[in-house]
Structures are given as C-alpha cells and as structure tokens.
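Results of the structural survey
Now for the letters of each chain:
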2 protein chains.
Amino acid sequence: MEYLSKDEIPALLREAELRPTRQRMALAGLLFCGPHRHVTAEELHREAADHGHSISLATVYNTLNQFSEVGLLREVVADGSRTFYDTNLSDHHHFYAAKRGKLIDIPAGDLRIEGMPALPEGMKVAGIDVIVRLEE
Amino acid sequence: MEYLSKDEIPALLREAELRPTRQRMALAGLLFCGPHRHVTAEELHREAADHGHSISLATVYNTLNQFSEVGLLREVVADGSRTFYDTNLSDHHHFYAAKRGKLIDIPAGDLRIEGMPALPEGMKVAGIDVIVRLEE
DNA sequence: ATGCCTGCAAAATATTTGCATGTAA
DNA sequence: TTACATGCAAATATTTTGCAGGCAT
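Below: a short report on this structure.

Definitions and cut-offs
Residues numbered from 1 in each chain as written. Chains lettered and ligands numbered in written order. Predicted model: local features only at pLDDT ≥ 70, side-chain atom pairs only at ≥ 80, totals over all residues. Heavy atoms only, no water. Least-squares fit on C-alpha atoms with pLDDT ≥ 70 in both. Contact = heavy atoms within 4.5 Å. Helix = DSSP H or I, 4+ residues; strand = E, 2+ residues; numbered from the N terminus. Polar contact = N/O pair within 3.5 Å; in protein donor to acceptor, adjacent residues only side chain to side chain. Pairing = 2+ DSSP bridges. Near = heavy atom within 4 Å. Buried area = accessible area lost by both parts, 1.4 Å probe. Salt bridge = Lys/Arg side-chain N within 4 Å of Asp/Glu carboxyl O. Nonpolar A, V, L, I, M, F, W, Y, C, P; charged D, E, K, R; others polar.

1. So, the relation of the copies chain A and chain B
The transform that puts chain A on chain B rotates by 180° and translates by 0.0 Å along the axis, for an RMSD of 0.0 Å. Such a combination of rotation and displacement between the chain copies is what one expects of a two-fold axis. An overlap of 100% is found between the interface residues of chain A and their copies at the interface of chain B, pointing to a shared contact surface.

2. Some details on the side chain of N88(A)
Residue and element names in this part refer to chain A. Here N88 lies in the loop between strand 3 (83–86) and strand 4 (93–97). Only 2.8 Å separates the side chain of N88 from the side chain of S90, close enough to count as a polar contact. Apart from the residues lying within four places of it in its own chain, the contact partners of N88 are H36, R74 and D105.

3. A closer look at the sheet that holds strand 2 (residues 74–77) of chain B
Residue and element names in this part refer to chain B. Pairing in this open sheet of three strands is antiparallel, and the strands run 1-3-2 from one edge to the other. Two strands bound the open sheet, and with one partner strand each, they are strand 1 (38–39) and strand 2. Sheet topology places strand 2 next to strand 3 (residues 83–86); four bridges connect them, and they run antiparallel. Across the sheet, V77 pairs through a bridge with T83, a residue of strand 3.

4. Some points on the protein's contact with DNA strand C
Taken together, 20 residues are adjacent to DNA strand C, and Y61(A), N65(A), T21(B), Q23(B) and T59(B) come closest. Backbone atoms, meaning sugar plus phosphate, form 79% of the atoms of DNA strand C positioned within 4 Å of the protein. Between DNA strand C and the protein, one listed contact pairs a phosphate oxygen with a side-chain N or O atom of R14(A) at 3.0 Å. When contributions to the surface near DNA strand C are tallied by element, the ones reaching two or more residues are helix 4 (57–69) of chain A together with helix 2 (22–32) and helix 4 (57–69) of chain B. With four residues, helix 4 of chain A is the single largest residue contributor to the surface near DNA strand C.

5. A few points about the interface of chain A and chain B
Across the contact, 34 residues belong to chain A and 34 residues belong to chain B. Taken together, both faces of the contact between chain A and chain B bury some 3,100 Å²; the carbon and sulfur share is 64%. Interface area lost by chain A to chain B is led by M123(A), R133(A) and E135(A), which between them contribute 18%. In this assembly, chain A and chain B are joined by four salt bridges.

6. Some remarks on the protein's contact with DNA strand D
Neighbouring residues of DNA strand D: 21 residues in total, closest T21(A), Q23(A), T59(A), Y61(B) and N65(B). The sugar-phosphate backbone supplies 76% of the atoms of DNA strand D found within 4 Å of the protein. Between DNA strand D and Q23(A), the relevant distance is 2.6 Å, taken from a sugar or linking oxygen to a side-chain nitrogen or oxygen of the residue. One of the side-chain N or O atoms of T59(A) is found 2.5 Å from a phosphate oxygen in DNA strand D. Within the residue set of the surface near DNA strand D, elements represented by two or more residues are helix 2 (22–32) and helix 4 of chain A together with helix 4 of chain B. Here the surface near DNA strand D gets five residues from one element, more than from any other, and that element is helix 4 of chain B. A breakdown of the residues in the surface near DNA strand D according to their chemical character gives six nonpolar, nine polar and six charged.

Take a look at the structure:
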C-alpha cells in the first residue's frame, strides 16, 4: 500500500475546501505522507520545527481543528488534559497507556459493541468512542 | 432502595481514610445522599454555594480528586475540556450529549464489548470507557 | 498539641481569539 | 486586488499548587 505523496497534498486540501497555504501543506505533509498516527498539537508543533517549518503553536491548533472539521482527522479524547488527533479515519478504537501518554489503535472489527440500548428521544448516534485503559 | 443518609457520611469518609472535615462532609452529602449523578467541579461548587456552604473551588477540585483516588467516585472523560465525576461505581458506560454537556448512564450489562484483542506486552486492562456520542 | 485540611491567590496547562500583517488566487 | 490565513500575544478555561492559618483527633 502506497502512502500519500507530497504532491497530492494540494488536491487533498482543495477537496476539503482549504487553501493550500505553506503551513497547511507542511503540517499535512507530516500527518498524511506516511503511516497512520496519533499526535497532539504540541508534538506536531515540535516536529514541524524539527523539519525547519516555523509555524506558531496557535496555527498548529487552528489547523488541527480545521482538519478535524473537514474530516481529515479525528479527535480522540483519552486523557481529559490533552487532545489527540488521529489520522486513521476508519471505524476503530484505542488502547491508552496513560503512563506513556500513548494511544494505540485497535483495528476496526476487532472490538465490537453489542446491545446498544434505546437512545433518548430525538437523538441519534454521532460516534462511539471506546478507550481501553492500560496499566503495567 | 434507600439512599445514604447524612449521618452515614462520617463512616463513609473514615473507611476511605479521609478525615470527616466540614467541607468533605458537605460535598459528600451533596454527592452521595441521593440518586447517582454526574458532576463537574464547577457545578458542585455552585451547588454547595446554593446550599450555604462556602467552599473554595480549589477545595472542591481537591476533594473530587481525593474521592476519586479512594474509589468513592469515578472520573469520566467525555469532553476533553471538562472532567466529569460519576457517583455510580458499577461497571457501566455513557451517552454523551455534547450540545447539552450532559452524561447519561447506560446501565451495566446493556452494552457489551466483544473481541478484545491481545494487549501489548506486559500490560493489563485498567478499565474500559465507552462513550456513545449523541447528536440531535 | 499535632498533623492533616482549607482558603486564597497565584501558577500551570491547554487551547482559543483579536488584530495587524502576509499571501494565495 | 481581495479575501482568507498566519503570527503573536493576550485572553480564556480548567485544574493544580504553595503557604499561612484552621480544625479534627
């Protein structure tokens, strides 16, 4: 399976109706041109800096939120104190090793939810998050 | 089924090796002498004030954390930006109506998890959180 | 009396926003 | 050119911490 190449990034952004600006290109390159990953804003900001992209942390936050809004990323709430962004959009769940602050994918289909009860009047399911918390 | 009465609170705290101080008594009374509930620190702080208990927000936070550490409460991470504390300690899951910021219990047993994959080397399961996100 | 608790304010963290400037189309 | 994006700093929101004084035992 091939990873996305850098020159496919502009199209990816355009399809999402986001202008392919320098910063978005750089961050999208880091996020999408390789295997799936989980990042925090802080991590991605540092990584961008390491690659010579000077992008402010606020812009990293804004960009991650935009990418989430248009469905390029999925937010994962595992820790209350930090937000993770997952490049894997398929229907899957997560292990969370709190001590290491690391998320690990549980492949789609491995974990199934059975016995969904009736929903409150007039509501529908927007998503199901399963976090399996791990300890040593 | 009877709810806990106020005069059982000191024993509850003592069993948890927490001194029954005025503030802990007041907060425990609000939390445990009635049906199960989900609260945020902010909500509990306001509620205490409404009942004439002037307890600082910092103390509410500290107390909720202590109660969680000794197993009187369970923390529920639903929203990333707020921590909920649940008085229902049984093995159950939650609906989360993001728009209303409200958690709703899914009774234990209603929802089952099937097909847990192998865990990473040397780790064990500390807990499983399922959040079913709802929208209108 | 002793040591754990609390209140307050200040610090720490994580994230968002306002606005002047920069840049893609 | 023109609207949208960015950088920066400041604002916001939430939670934690330090320390002087208070209270349970």
